[in-house]
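Residue-level structural notes
Listed below, chain by chain, are the residues.
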Amino acid sequence: MSGIGFVGEPIIVDSGNVEYSKDEIISRYEYREARVVGNRVTPLNENLIFKTQRHVPKTGVLLVGWGGNNGTTLTAGILANKLKTTWMTKEGEHHSNFLGSICRSVTMRVGIDHNLQPVYAPLFNVIPILDPVDLEIWGWDISSMNIADAMNRAKVLDYDLQRKLYPELKDMVPWPSVYSEDFIAANQCDRADNIIRGNKQEQLDTLRQNIRDFKQQRGIEKVIVLWTANTERYAEIRAGLNDTADNLLGSIEANEAEIAPSTLFAVASILEGCTYINGSPQNTFIPGVIELAERHQILIAGDDFKTGQTKIKTVLSDFLINSGLKLCSIVSYNHLGNNDGKNLSAPKTFRSKEISKSGVIDDVICANRLIYGENEHPDHCVVIKYVPYVGDSKRAMDEYTSEIFMGGRNTIVLHNTCEDSLLAAPIIMDLILLAELCTRIQIKRVEDEEFSRMHPILSILSFLLKSPQVPEGSPVVHSLFNQRYSITNFIRALVGLPPETFMLLEHKIP
Ligand code: NAI
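Residues numbered from 1 in each chain as written. Predicted model: local features only at pLDDT ≥ 70, side-chain atom pairs only at ≥ 80, totals over all residues. Heavy atoms only, no water.

**Considerations on the site of the ligand**
Contacts to the ligand come from 30 residues, most closely from D141, S177, V178, R191 and N339. Within the contact set of the ligand, a nitrogen atom lies 3.4 Å away from a backbone nitrogen or oxygen of I142. Within the complex, 99% of the 840 Å² of free accessible area of the ligand lies under protein. Elements with a minimum of two residues in the shell around the ligand: α1 (69–83), α10 (339–344) and α13 (420–439). For the shell around the ligand, a count of residues per class yields 10 nonpolar, 13 polar and seven charged. (Near = heavy atom within 4 Å. Polar contact = N/O pair within 3.5 Å; in protein donor to acceptor, adjacent residues only side chain to side chain. Areas by Shrake-Rupley, 256 points an atom, 1.4 Å probe, with all protein chains shown as cover. Helix = DSSP H or I, 4+ residues; strand = E, 2+ residues; numbered from the N terminus. Nonpolar A, V, L, I, M, F, W, Y, C, P; charged D, E, K, R; others polar.)

**Notes on the sheet that holds strand β12 (residues 275–278)**
With parallel pairing, the five strands of this open sheet are ordered in space as β10-β5-β11-β12-β13. What marks the edges here is a single partner per strand, and that holds for β10 (136–140) and β13 (300–302). Within the sheet, the average angular offset between the axes of one strand and its neighbour, ignoring direction, is 20 degrees. By the bridge criterion, four bridges tie strand β11 (residues 222–227) to β12 in an arrangement that is parallel. Paired with W227 across the bridge in β12 is N278. (Pairing = 2+ DSSP bridges. Axes fitted to C-alpha atoms, helices over the stretch in contact; angles between N-to-C directions.)

**Side note on the pattern of salt bridges**
Under the defined criterion, the tally for this structure stands at 24 salt bridges. One salt bridge in this structure joins D420 and K394, with 3.4 Å as the shortest N-O distance. Note that D420 is positioned in helix α13 and K394 in strand β16 (residues 393–403), a separation of 26 residues in sequence. A residue is classified by how much of its surface remains accessible, and D420, at 11% relative accessible area, is buried. (Salt bridge = Lys/Arg side-chain N within 4 Å of Asp/Glu carboxyl O. Buried < 20%, exposed > 50% of the residue type's maximum accessible area, 1.4 Å probe, protein only.)

**Notes on the confidence of the model for the chain**
Averaged over all residues, the pLDDT of the chain equals 94, while 100% of them reach at least 70. The ipTM for the predicted assembly is 0.99, set against a pTM of 0.96. (pLDDT = per-residue confidence, 0-100.)

**Let's talk about the packing of α1 against α13**
It is at 9 Å that the axes of α1 and α13 come closest, and there the two elements cross at 70 degrees. Classed by the angle they form, the pair α1 and α13 counts as roughly perpendicular. Every residue of α13 that contacts α1 at N69, N70, T73, L74 and I78 is listed here: S421, L422, A424, A425, I428, M429 and I432. Looking at the contact of α1 with α13, its residues break down into eight nonpolar, four polar and no charged. (Parallel < 35°, antiparallel > 145°, perpendicular 65-115°, else oblique. Contact = heavy atoms within 4.5 Å.)

**Details of helix α14 (residues 480–494)**
Here α14 is 15 residues long and its end C-alpha atoms lie 22 Å apart, about the 21 Å a rise of 1.5 Å per residue gives. Summarising burial for α14: 11 of the 15 residues are buried, a large majority. The complete set of buried residues in α14 reads L480, Q483, R484, I487, T488, N489, F490, I491, R492, A493 and L494. Directly beyond the C-terminal end of α14, a positive phi value near 75 degrees is found at G496. (Expected span 1.5 Å × (residues − 1).)

**Here we look at the side chain of E436**
Of note, E436 is situated in helix α13. Judged by relative accessible area, which is 0%, E436 ranks as buried. Apart from residues no more than four positions distant in its own chain, E436 is found in contact with V56, P57, T59, L130, K222 and I224.

**Topic: the packing of aromatic side chains**
Scanning the model with the defined rule gives nine aromatic pairs in all. Centroid distance W175 to F214: 6.3 Å. Interplanar angle 90 degrees. Geometry classified as edge-to-face. With W175 in the loop between α4 (159–169) and α5 (200–218) and F214 in helix α5, the pair connects residues that are 39 residues apart, well separated along the chain. We note that W175, like F214, is buried. Members of the aromatic cluster, connected to one another through ring pairs, are W140, W175, F214, W227 and F265. The cationic tip of R233 hangs over the ring face of F183; the distance from NZ or CZ to the ring centre is 4.0 Å. (Phe/Tyr/Trp six-rings, centres within 6.5 Å; stacked < 30°, edge-to-face > 60°. Lys NZ or Arg CZ within 6 Å of the ring centre and 35° of its normal.)

Structure representation (structure tokens):
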């Protein structure tokens, strides 16, 4: 398209507020907000300094649930991109790509050219971001099936692509994992043949040793652990059990039954100094885990990958309500036939998903007291059914009903069919790449002596998560474009660029 520019190489920001050294980018940044008291609004400025390490370290990711649909699709997809694999389908030849990844397939506006036309650049040309093909991947699974056969079992990728990747994946066999049949659906027991025995402390020690071995044997500088295993039921939170970091560590030592496998993984990861990401809806981040992460200054992010239906929900509710329409009812049906669907067919695991999917419009409702009363909320119903025949090709049917001008009604109905794991894999990749970037960022107020790492709870990754974890007291943002611009505006701040305002004033001043 004419006029719109593109920068295909790393950008350099020319400004007295930004310094590029061999190792770091230092950006002095004026953060602008406004304080409101009653009806008085006072603009506030805070002077911050960001320091971003430019060297991207050799990074490894350990996937919990590696042999599942997401784990195998991600591994095969990254490998195919690395090998530049092509494959045939009845439509012809296909090339590997990273569609669906904001780190690899999205551009951000960096400014205007001399004709006042916008110029865009990929995120990785604004700030150094790990190239996914350089990621070392390994993981755990309660199923001992190698990743090549597990990829076939998943039935996600095209046959010819599976055939080409098979030899590369067949020797990858997941490490045994921690299994508790109480936490996932009973219907999963037939694949649980790869289990770490022993009490919880011994299991934790094994996981920690696995992480250390992975790092050492492959010369990896940084490891990220990511849960993409089956959804667990919610763990009970109880004083003395898991309400503080010390109580949690004590409960693991005492072999308490209510410590979920995912909690053991989070604890192992934190104690080994590794960022931990939770891609499923369960409450892995119980208070004891959060305190432990804060104590060790380890970054954590969750919960539950935001892929299809929820993404649309956070766009449509924003569109409707911020158009001044009163969204009164959302009804969402899913049916899917993959192993995730099978696991979610048990009431206790479905409940975790239902909670995760239900809160996603809260922020946009609460922000508009003109059309919603204090305790008013649209009806919101979530149904998930397991239909084996459709496999990974999930169906999502949604109905949005709104009240419009002068007593009118507006009903929007959507039917979405999509391979679930092909949406999830690039999102998992983005979570890893952006979390890794966050570990290289330090921040301080101008007047502070020392730089500190980012807050351990990575709310900046909310775009990629259905039920984002945020620091205590921080508002949860669900609206998709607000989440997206919080990432790109944050990246702009790292290189001393002002936030995107969309005002285009240069075209409005005569
Ligand atoms: P899947 O059922 O194909 O894979 C899960 C894997 O985890 C299986 O291989 C299973 O053997 C393994 N597993 C179960 N418990 C384990 C444990 N304690 N330790 C190690 N491995 C264990 O499921 P899929 O489709 O890959 O999804 C994974 C998770 O991601 C699910 O919780 C799902 O709800 C969540 N998710 C998936 C989305 C998608 O679009 N695919 C979107 C949002 C969340």
